[in-house]
Structures are given as C-alpha cells and as structure tokens.
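Observations on chain architecture
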Amino acid sequence: MKRIIRFSLVVLALSLTQQITQLRAQVGDYPPGTIQMTPKISLDLKPSSLYVPEKFKGKVPENLPVNLPDGFRASVFAVEGLRGPRMMAFDDQGVLHVANMKANGSDEYQPRGNSSSEILALPDYNGDGVADTVIVAAKGLRWANSLSFYKGAMYVADTHQIVKFTDNDGDLAYESSEVFADSIPTASSPHITRTIAADTLNDRFFLSVGSSCDVCRESDPERATILSIDADGTNRKVFATGVRNAIGLDIQPITGALWATNNGHTETDNNLPPEWVDIIREDGFYGFPLAFGYQSYIDFGIRGHWRVPPITAEDSARVQQMKRPVAQLDAHSAPMDIHFYPNGNFPEDYHNAAFIAYRSGFRGPDPGHKVTTLFVNSDGGEAKVADFMTGFWPNPPNQANIWAKPVGLVSDHTGALYLSSDWINHMVIKISYTGDATSTDQESATLQPTEISLEQNYPNPFNPTTQISYALPEATQVNLSVFNSAGQKILELVNGQQAAGQHTLNFDATGLSSGVYIYTLTTSKQSLTKKMTLIK
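Residues numbered from 1 in each chain as written. Predicted model: local features only at pLDDT ≥ 70, side-chain atom pairs only at ≥ 80, totals over all residues. Heavy atoms only, no water.

**Concerning the sheet that holds strand β19 (residues 275-280)**
This is how it is decided: For two strands to be treated as a pair, DSSP must find at least two bridges joining them. Here a strand is any run of E in DSSP of at least two residues, a helix any run of H or I of at least four, and the numbering for each starts at the N terminus. Here, axes are lines fitted to C-alpha atoms. For helices the fit covers the stretch in contact, and angles between N-to-C directions go from 0 to 180 degrees.
Ordered in space as β17-β18-β19-β22, the four strands form an open sheet in which the pairing is antiparallel. Of all the strands in the sheet, the pair left with one neighbour each is β17 (249-251) and β22 (327-329). The sheet shows a mean angle of 20° between the axes of neighbouring strands, direction not considered. Two strands pair when backbone bridges link them, and β17 and strand β18 (residues 258-262) are joined in this way by three bridges, in the antiparallel orientation. Bridge pairing links L249 to A260 in β18.

Spelled out as structure tokens, the structure:
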C-alpha cells in the first residue's frame, strides 16, 4: 500500500510540474493598457471535511466541507476566545500569536479612546495540533490587524500607530509597551486595517496604509502607500505609492524583497479591476488613483471617479512607470494575507511558493472564499495560480452556506500551515501534510509522531516552572533527567516504559539557583539533550 501511495504522489507532482512547464510557453509579454490574468493550474483537489478535535466539539459545526490536494488534512487548532482573528505570527519560542481584532464582540470600529482589539497567544505545548490555552498577550488596542516579532519584541500594527510590546518574564503576557510609530493616517472607514512586516535583513519595518476612499486623490501623502521605518524608530518615509489597499505583506525568502497583495476599487464592473500581487519596489508607483494592472487607466466616468480628472502630464508619466504585476487575480476576491512557504514538509513544488487567502468573491467572476497557491520564480516571473483550499462557500450564490472568511496565513517550524477565519466561524485552522493520499484518519495523521523528538522547554528562560515536551513514535523505555552545568544529575523526571505519542510534563525548579541546566531524554535507541535557563 505504501508503494502505491508513493507512486500516486509522484504522479501528482509530475502532473503539477508538467502543467507549469506547459504554461511557461504560453505566457509572454503583453503590451501596456491590456489585461492578462495569471494562468490557472489545477492541484486536483479532493473533498473531505474539517476535523474537529474533541476539545472543540459543539463549538464548531461538524462535517464542514473542505477541498485540498491529496495528502493534506485540515483540523481546528483554536476557537475559544477568538473574535475576528486576523493576521498571525510565531514568536521565538514557537508560540502562535493572533490579532484578535473584534475582541469586544462588535463588528464595528470603535471610536478614538475605546479599545476593541487584543493579541492572543495560543501555545501548543504538547504538539498535539490543538491550542492548549488562550493567553491575552496584549490589550488596549483599537483595531489591531497584524503583528510581527523582531529581536524578541512584538510589534503590533494598530489602525493609528505601531505599538512595541515586551514580555520580560516569558509568561506570554506582555507587561510593557511603548508607541513605536504614532500618527499613522486613519479614519473610521474605509481601509482602517494596517499590516506590518519586519525586514530583518535590513533592520526595518514596512507598513501598509490604505486609501481614504474608493477612487480619489489623497491629501495625506502617507495614504495609499507602503511606509518604511528603521528598527530604531527613525527614518520614516514613503517607500512606495499608488497602493490602494495592501492587506497582505511578506518578505520573499530568497531575494529579501517585499511582496504585497492589493484590493482594487469596487465602484466598477463586476469583472474589473483584477486584484494583484506584486513586488514592492522602493519609489515604485502602483496605479492608484489613476490606473490598475499594467498601465490600464481607470474609467473615470463611473460613479465617484469623476473626482480624479483632469489627468496631468505628471499623472501620465507616473502611469508609464508602472511595471507589469507579478500576478493579476480575479476581481473583487479580496486577497488578504500572503505567506511564502519555507522549505517545510510540504512537497517540494510548494517550497518558496506563496499562499494567498481570499476573503470575498461575491461580485467577481470567481466565488473566492479560499486559499490559493502562487507558483512563481523568486524574481516574480512565470507566475501560475492554483486553488489550494476551497469549500468555505459550498453552494454559491447562496451566501447562507458560507462558513468561514479566510484572512491570515503563517507556517510553523514543522511545516504546518495555519489559516485564520475572522467571521461566521471565528477560528484558526491547521493544515498538515501527511504524505498519505488515502488516509481518512485525520486525527491519527495529525497527532502520531514519526520520530523521537525533544522540544525546547517553554518558557525559556523560566522562573520557577517550565514545560518539557517530547514525542515517541513507539512504546519504549524512557529516562528524562535534569543535570546542572557541571554534569551532575539533580532530578529524574521520568524513568519507565511509556506509550507512543506526545508527552508533556512540568519541571518545577523551586529551590534551585539561577543558571543553565541540561535536560536529557534517553530511550533504548537514542539520546537527545537540550539546555534551559533558570532566572530568579
């Protein structure tokens, strides 16, 4: 059976590679002022259902439909405490954090002075694919949409400022905060969300600031832009202009370039304009409020667009600067987050590809409400797009069937992909690759370890307690001991036969002195060691 499974996966991989190769010959240059949508390829999605762990039974409807490529499984990672979960990020210890944008229970933006958002930490200490608890990491925010970690601190993009939070004792509740960047242009609507991305190679942050209207000339030079700010808080400047509403930002892992998704104007035809994905270049102009795509002018005779003309020579020169977007996607599909997948355990075709979440699709040519994969060269060439996860809107045009609104995307150190839904069902979904195209036991595929592993204790540093997790692929004799820096055994935490699976225990260091300690997991086949730091 395993040989058959491997063969089917190889055939699927070859099929995908062949599709990309064939389409490369079809996509050539196209002239300015014309529209060429990014070619679509098929990943041969298979119907299944969202797995609901026992912890969330009764809190999430059963048998919610999903469609994924062979070998992929989707399960609920977190539900409790979530209200409008948006963008996500992992901290240095591997704990998932999410911007809980509508934490006060309202779908409406709260006026100045009222807090409605928070950041939640969702640790999975035992690695079972389910958040163990929900910790309020930071609160007092107005309309937090995204966050990023840089040198141990958490930076949150609120609608009017960037706030830097610090967790001094490692308990995931951030005790101190300071305003990193203030007076970000904002209003009660539209485009009140802000997205932040950390450029660690160049020690700076990027921040997207949407337009104040559907189509109009902006009076504030920081509107409809991407800003850059050095990591020390200085040198704030407009990095790129004409970016109407870039919800998703990510750094391309090979080139280090900033990429973005953009939501086009809505007062127009149902098939126009295409949404786009592009590389954000310094001093680049991306069309708003004059043009879209590859130098295609907006129809100024439609609705409120009359506010833009007359078109000046300077306007024309700016439009002529516009480069072809990396990808043009279906109109009105509202692309949200973009996430470049690292070299994880997904098949090699997905490595360094970009995943994109679509939150809408009511008006456009595609029903949206899905996750796509953008297969593209690191320089932006030869882009192809494929549906990766669908089923959130089972029976369009009946909107009553929609069960989720995809927004945020991120992957963990094991290669699993996480997706947030900020409406209808407020949740975080974990998408795993098992490699077993015929398996229907989603729970065992998600939870059963395939090799012995010893995780870094969490929190670390700690005082006085910390958790140690390890995994066993089969039942075996286990010894887990703690040693001081001189190599002397001070405590034996486990000594005996244990079953296969994930294991987690608490280590209480009360009575011990501050310093570095060593913990070692020994089985009949292997010995693994890690260090931890006690600070009092």
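There is more to say, and it comes next.
**Let's talk about a nonpolar patch on the surface**
The cut-off we apply is this: Patches here are clusters of residues that have more than 30% relative accessible area and form no salt bridge, with a 9 Å joining cutoff for like charges and a 5 Å cutoff for nonpolar side chains (Val, Leu, Ile, Met, Phe, Trp, Tyr). Note on areas: Shrake-Rupley with a 1.4 Å probe; residue coverage comes only from the protein chains shown. Note on definitions: salt bridges are taken to be side-chain nitrogens of Lys or Arg within 4 Å of carboxyl oxygens of Asp or Glu. Buried, partly exposed and exposed residues are distinguished by accessible area as a fraction of the type maximum, computed with a 1.4 Å probe on protein chains only: under 20%, between the cut-offs, and over 50%, respectively.
Judged by side-chain polarity, I35, M37 and L272 come together as a nonpolar surface patch covering roughly 210 Å² of accessible area. Tracing the backbone shows L272 in the loop between β18 and β19. Under the relative-accessibility criterion, L272 is labelled partly exposed at 31%.

**Some thoughts on the pattern of salt bridges**
Per the stated rule, a full pass over the model turns up 19 salt bridges. The residue E474 makes a salt bridge to K525 at a minimum N-O spacing of 2.7 Å. Separated by 51 residues along the polypeptide, E474 in the loop between β31 (465-472) and β32 (476-483) and K525 in the loop between β35 (515-522) and β36 (527-534) bring together distant segments of the chain. Among the residues examined, E474 registers a relative accessible area of 39% and is labelled partly exposed. A single salt-bridge network, built from bridges that share partners, covers K40, D330, D366, K370 and D387.

**A few points about the nonpolar core**
Going by this rule: Nonpolar core, defined: a set of buried Ala, Val, Leu, Ile, Met, Phe, Trp, Tyr and Cys residues in which side-chain atoms within 4.5 Å join the residues together. By the convention used here, residues are in contact when the closest approach between their heavy atoms is within 4.5 Å.
Counting residues in hydrophobic clusters, the biggest one holds 40 residues, and the most contacted among them are F388, M389 and I431. Those elements giving two or more residues to this core turn out to be β3 (65-68), β4 (72-78), β24 (354-358), β25 (370-375), β26 (384-389), β27 (406-411), β28 (417-421) and β29 (427-433). The greatest single-element share of this core, amounting to four residues, is contributed by β29. Beyond its immediate stretch of four places on either side in the chain, M389 contacts V66, N67, L68, A74, K370, V371, L419, I429 and I431. In this structure, A89, V95, I135 and L172 belong to the second largest nonpolar core, which totals 19 residues.

**Some points on the sheet that holds β29**
Across the sheet, four strands lie side by side as β4-β29-β28-β27; this open sheet has antiparallel pairing. In the strand order of this sheet, the two ends are held by β4 and β27, each with one partner. If you compare each strand with its neighbour and ignore which way they point, the axes differ by 25° on average. When β4 meets β29, the two strands line up antiparallel, connected through six bridges. Paired with A78 across the strands is V428, a residue of β29.

**So, the state of the cysteines**
Note the threshold: When two cysteine sulfur atoms are found within 2.5 Å, that pair is recorded as a disulfide.
One pass over the full model with this rule turns up one disulfide. The disulfide that involves C213 links it to C216, with 1.8 Å between the sulfurs. On the sign convention where negative is left-handed, the bridge of C213 and C216, at about -95° about the S-S bond, is left-handed. On the basis of relative accessibility, which here comes to 9%, the residue C213 falls in the buried class.

**Examining unusual backbone geometry**
In this structure, the amide linkage connecting L272 to the following residue, P273, adopts the cis form with an omega of -15°. Omega for the peptide link from P309 to P310 comes to 5°, which places this bond in the cis form. Of note, P310 is situated in the loop between β21 (296-297) and α2 (313-321). A positive phi angle, near 50°, is found at D203, a position not held by glycine. As for its placement among the helices and strands, D203 is situated in the loop between β13 (194-199) and β14 (204-209).

**Some points on the packing of aromatic side chains**
What counts, and what does not: Only Phe, Tyr and Trp rings take part, Trp by its six-membered ring, and two of them pair if their centres are within 6.5 Å. Stacked means planes under 30 degrees apart, edge-to-face means over 60, and tilted covers everything else. Placement of a positive charge over a ring is assigned whenever Lys NZ or Arg CZ falls within 6 Å of the ring centre and within 35 degrees of the normal to the ring plane.
Tallied over the entire structure, the rule returns 26 aromatic pairs. On the basis of an interplanar angle of 25° and a centroid distance of 6.4 Å, the ring pair of F346 and F388 is categorised as stacked. Residue F346 is located in the loop between β23 (335-340) and β24, and its partner F388 is located in strand β26; the two are separated by 42 residues in the primary sequence. Look at F355 and F388: their rings are 4.9 Å apart centre to centre, the planes differ by 75°, and that puts the pair in the edge-to-face class. With F355 in strand β24 and F388 in strand β26, this residue pair connects regions lying 33 residues apart in the sequence. For the residue pair F355 and F388, the accessibility class agrees, reading buried in each case. An aromatic cluster is present here, built from F72, Y341, F346, Y350, F355, F375, F388 and Y433 joined pairwise through their rings. Looking at K370, its charged tip hangs above the ring of Y358, at a distance of 5.5 Å from the centre.

**Some points on the pairing of β3**
In β3, alternate side chains face the same way, and those of V66 and L68 are buried while those of P65 and N67 on the opposite face are not. As defined by bridge partners, strand β2 (residues 46-49) adjoins β3 across four bridges and the pair is classed as antiparallel. Looking at β3, one finds that P47 is bridged to N67.

**Side note on the confidence of the model for the chain**
Condition: Scored from 0 to 100, pLDDT reflects the predictor's confidence in each residue.
Per-residue confidence for the chain gives a mean pLDDT of 89, with 91% of residues at or over 70. Here residues 1-14 scores under 50 on pLDDT; set against residues more than four positions off or in separate chains, the count is 13 contacts. Taken together, the stretch residues 18-27 has pLDDT below 50 and engages in 14 contacts with residues farther than four places along the chain or on a different chain.

**A few points about the side chain of S469**
We count it as follows: Under this definition, polar contacts are N or O atom pairs within 3.5 Å; protein pairs additionally need one hydrogen-donor-capable and one acceptor-capable atom, and for neighbouring residues in sequence, both atoms have to be side-chain atoms.
Topologically, S469 is positioned in strand β31. Since its relative accessible area comes to 5%, S469 is described here as buried. Here Y125 takes part through its backbone oxygen, which lies 2.4 Å from a polar atom of the side chain of S469. What S469 contacts, discounting residues up to four positions off in sequence, is Y125, N126, L454, E455, H503 and T504.

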